[in-house]
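Structural overview
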Amino acid sequence: MSKIAYIIEFIASRNPVHAKKLRQNLTCLGELYDIRAEAFLGRYELLLSREGRDLDFAIECYLKMIADFTMETIRFRKTGQYSSRSFAEVNARVYANPAVMEYYMHGLLLSQFLFKHHYEMFCFFCGELGKRQACARHYLEVGGGHGMQLAEAARVLGEGTTLTAVDISRTSLELARQLTANDRILFVHSDIFKFIPERKFDFITIGEVIEHLEDPAALLRCAAGLLADDGRLFVTAPTNAPAIDHIHLFRNAGEIRQLILGAGFAIETEFFRYAEDMPAQQAEELKVTLLYGATLRKAAN
Amino acid sequence: MNVNELLQPILNTTSPLQLADGPESIPTWDSIAQINIITAIEDLVGGELSTDEVLSLKSVARVVEICRAHGVELAVGPS
């Protein structure tokens, strides 16, 4: 039995509705998905075993995260708002709570291969990074989270490239450090708004971070200041995605585009996927989560 | 109210539901339907379900039990 098949069987015993969705979503992703997922899960199991844990622990974390999502979705359906309104509230509830952060980070890590839209966005990221492989000398990831994209950057970008990850959460940084296991990466525990680098960066990744902020535009403007003039910013954000740590509600992709353009960027390429397999009109009506991603360059003055 | 009246429109079926029915036996009982079932129960009982109740909702029988725990008796059988 493959590791993915084992995970889905485990989930089916606890959350049959979610397992049903996973079975439907993951059967059509192709051979490359199977290869990537098994390779990643093999590395992840090694990481877990070094901590005296196993895949079952990670699946339990994932199930807790799904339970959180479900409860938040029910409230979102009724109120039309996310449950957290301020960074201070989320900080107390999540970021400064190591137990919550731990299951949330492990849950998110598994979601990269269990959520179809997460995996497809990861593929988009790989393609966009690949286009800049030759010219990305200095790579920065803001809010590196679980480290999946960081690991890909370390794999793809040449030995001469510097790699920096800045995160406000020590738990995230530690998980990313262990997952990437790469001495080339500099991990910086800092608020990005207080981060003062020695140089500008050629490629900056901000993956599913701006929805965690009270003022997402401020982060994009901050990133513009850190980005080389001919550099690229890769940014992703979800719409209608109730979660315990989401603050800023984007109601549609247009609101994200508007934010991007207002922060002084031009959109070079973009990609989006709904979290449920259904026609776009139905997904809009039901306020189904849409994951939006784009590669940006500084707009001409 | 009969449990069929509550669940059949959400699950888009006219077949009478059995207590043992759940996501495995009803093709339309998916993640969207699950949220719709929970919100329909909350509307019916006039209160919010706990996380444990939400997570345990895996069958028609459990829908009936949860409603009963909130003081609403659902009839079972053809409506």
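Now for a look at the structure at hand. (Residues numbered from 1 in each chain as written. Chains lettered and ligands numbered in written order. Predicted model: local features only at pLDDT ≥ 70, side-chain atom pairs only at ≥ 80, totals over all residues. Heavy atoms only, no water.)

Remarks on the overall build of chain A
Our working rule: Note on conventions: DSSP H or I runs of at least 4 residues are helices, E runs of at least 2 residues are strands, and numbering of each starts at the N terminus. Partly exposed describes any residue whose relative accessible area lies between the buried limit of under 20% and the exposed limit of over 50%, with all areas from a 1.4 Å probe on protein chains only and scaled to the type maximum. Throughout, a residue-residue contact means that at least one pair of heavy atoms, one from each residue, lies within 4.5 Å. Here the open area of atoms and residues is found with the Shrake-Rupley method and a 1.4 Å probe, where only the protein chains shown may cover a residue. Note that His is not counted, nor are the chain ends; the positive residues are Lys and Arg, and the negative ones are Asp and Glu. Every charge is mapped to an atom, namely NZ of Lys, CZ of Arg, CG of Asp or CD of Glu.
Per the secondary structure count, chain A includes twelve helices and seven strands. Considering only C-alpha atoms, chain A reaches an extent of 55 × 45 × 40 Å along its principal axes. Counting every position in chain A, which comprises 301 residues, the buried fraction comes to 58%. The contacts in chain A between residues at least 6 apart in sequence include a share of 74% that link residues at least 24 apart. Accessible surface for chain A amounts to roughly 12800 Å². Of this, 51% is attributable to carbon and sulfur atoms. Side chains of chain A carry 34 positive and 38 negative charges; the gap between the two charge centres is 2 Å.

Remarks on the packing of helix α1 (residues 3–11) of chain B against helix α4 (residues 60–69) of chain B
Residue and element names in this part refer to chain B. Our working rule: Axis definition: a line fit to C-alpha positions, over the contact stretch in the case of helices; interaxial angles, taken between N-to-C directions, run 0 to 180 degrees. The labels follow the angle: roughly parallel below 35 degrees, roughly antiparallel above 145, roughly perpendicular from 65 to 115, and oblique for the rest. By convention the crossing between two helices is left-handed if the near helix lies anticlockwise of the far one by an angle smaller than a right angle, and right-handed if it lies clockwise. Any residue outside Ala, Val, Leu, Ile, Met, Phe, Trp, Tyr, Cys, Pro, Asp, Glu, Lys and Arg is labelled polar, Gly included; the first ten of those are nonpolar and the last four are charged.
Viewed as axis vectors pointing N to C, α1 and α4 meet at an angle of 125°, and their least axial separation amounts to 11 Å. The pairing of α1 with α4 is recorded here as oblique in orientation. Pair α1 / α4 crosses with right-handed handedness. Here α1 contributes V3, L6 and L7 to the contact with α4, which in turn contributes V60, V63 and V64. Grouping the constituent residues of the contact of α1 with α4 by class yields six nonpolar, no polar and no charged.

A few points about the nonpolar core
All names here are of chain A. For clarity, the threshold we go by: We call a set of buried residues a nonpolar core when its members are Ala, Val, Leu, Ile, Met, Phe, Trp, Tyr or Cys and they connect through side-chain atoms within 4.5 Å of each other.
With 71 residues, the main nonpolar core has I11, Y44, Y62, Y104, L110, L114 and Y139 as its most contacted residues. With sequence-adjacent residues up to four places away left out, Y62 is seen in contact with I11, H18, L22, G107, L110, S111, L114 and F115. Counting 40 residues, the second largest nonpolar core, distinct from the first, contains I206, L219, V235 and A237.

Section: the layout of surface pockets
Residues and elements named next belong to chain A. Using the following cut-off: Both cavities and pockets are sets of points on a 1 Å grid over the protein atoms alone; in a cavity a 1.4 Å probe fits but cannot get out, in a pocket the set is open with protein on both sides within 12 Å along at least five of seven lines, and lining residues sit with an atom within 4 Å of a point. Grid points are joined across faces, edges and corners, and a volume is the space filled by probe spheres set on the points.
When its volume is computed, the second largest pocket comes out at roughly 310 Å³. Around the second largest pocket sit 14 residues that line it, and R43, F122, A151, E152 and R155 are the ones nearest its centre. The set of elements that each furnish at least two residues to the lining of the second largest pocket consists of α3 (31–50), α8 (148–156) and α9 (170–180). In terms of residue count, α8 provides more of the lining of the second largest pocket than any other element does, five residues in total. The residue inventory of the lining of the second largest pocket, partitioned by class, reads eight nonpolar, two polar and four charged.

Quick word on the interface of chain A and chain B
Selection rule: The buried area of a pairing is the accessible area, by a 1.4 Å probe, that goes missing from both parts when the two are put together, added over both. We define a salt bridge as a side-chain nitrogen of Lys or Arg found within 4 Å of a carboxyl oxygen belonging to Asp or Glu. The definition of a polar contact used here is a pair of N or O atoms within 3.5 Å, where within protein one atom must be able to donate a hydrogen and the other to accept one, and adjacent residues in sequence count solely through side-chain atom pairs.
At the junction of the two partners, chain A supplies 18 residues and chain B supplies 23 residues. Approximately 1600 Å² of surface area, both sides summed, lies buried where chain A meets chain B, with 64% of it carried by carbon and sulfur atoms. Taken as a group, V17, K20 and R77 of chain A account for 32% of the area that chain A buries against chain B, more than any other trio of residues on that side. Where chain A touches chain B, the interface holds three salt bridges. A salt bridge links E48 of chain B to R75 of chain A; its shortest N-O distance comes to 3.6 Å. There are ten residue pairs in polar contact (both at pLDDT 80 or more) connecting chain A and chain B. Along the lines of polarity and charge, the residues of the side of chain A that touches chain B split into eight nonpolar, three polar and seven charged.

Considering the pattern of salt bridges
Residues and elements named next belong to chain A. Overall, the coordinates contain 22 salt bridges over all chains when judged by the stated rule. The shortest N-O distance in the salt bridge between E102 and R53 comes to 2.8 Å. Of this pair, E102 sits in helix α6 (residues 98–114) while R53 sits in the loop between α3 and α4 (55–79), and the two are 49 residues apart along the sequence. When its relative accessible area of 26% is taken as the criterion, E102 is described as partly exposed. Overall, the relative accessible area of 27% leaves R53 in the partly exposed class.

So, the packing of aromatic side chains
All names here are of chain A. What counts is decided by this rule: Pairs were defined over the aromatic rings of Phe, Tyr and Trp, the Trp ring being its six-membered one, requiring ring centres within 6.5 Å. Orientation was assigned from the angle between planes: stacked under 30 degrees, edge-to-face over 60, tilted for the rest.
Here the structure, examined in full by the defined rule, presents 17 aromatic pairs over all chains. An angle of 50° between the planes, with centres 6.1 Å apart, marks the rings of Y33 and F113 as tilted. Linking Y33 in helix α3 with F113 in helix α6, this pair joins segments that are 80 residues apart in sequence. Across this residue pair, the class does not change: Y33 and F113 are buried. The interplanar angle of 15° and the centroid separation of 5.6 Å between the aromatic rings of F40 and Y44 together place this pair among those described as stacked. A residue pair is termed a helical-turn pair when its members lie 3 or 4 positions apart in one helix, as F40 and Y44 do in helix α3 at four residues.

Notes on α4 of chain B
All names here are of chain B. What counts here: Throughout, the arc means that of the directions going from the helix axis to the C-beta atoms.
When α4 is considered as a whole, its buried residues turn out to be V60, V63, V64, I66 and C67. What you see down the axis of α4 is that its buried residues fit within an arc of 165°, all on one side. In this structure, the buried side of α4 is in contact with α1, α2 (31–45) and α3 (51–55). Phi for G71, located one or two positions after α4, is positive at around 85°.

Brief notes about unusual backbone geometry
Residues and elements named next belong to chain A. In this structure, A181 is a non-glycine residue whose phi angle is positive, near 45°. On the secondary structure map, A181 appears in the loop between α9 and β3 (185–189). Taking relative accessible area as the criterion, A181 reaches 59% and is therefore assigned exposed. Phi is positive for K287, close to 55°, though the residue is something other than glycine. Take K287: it is sitting in the loop between α12 (280–285) and β7 (290–298). Owing to a relative accessible area of 40%, K287 belongs among the partly exposed residues under this scheme.

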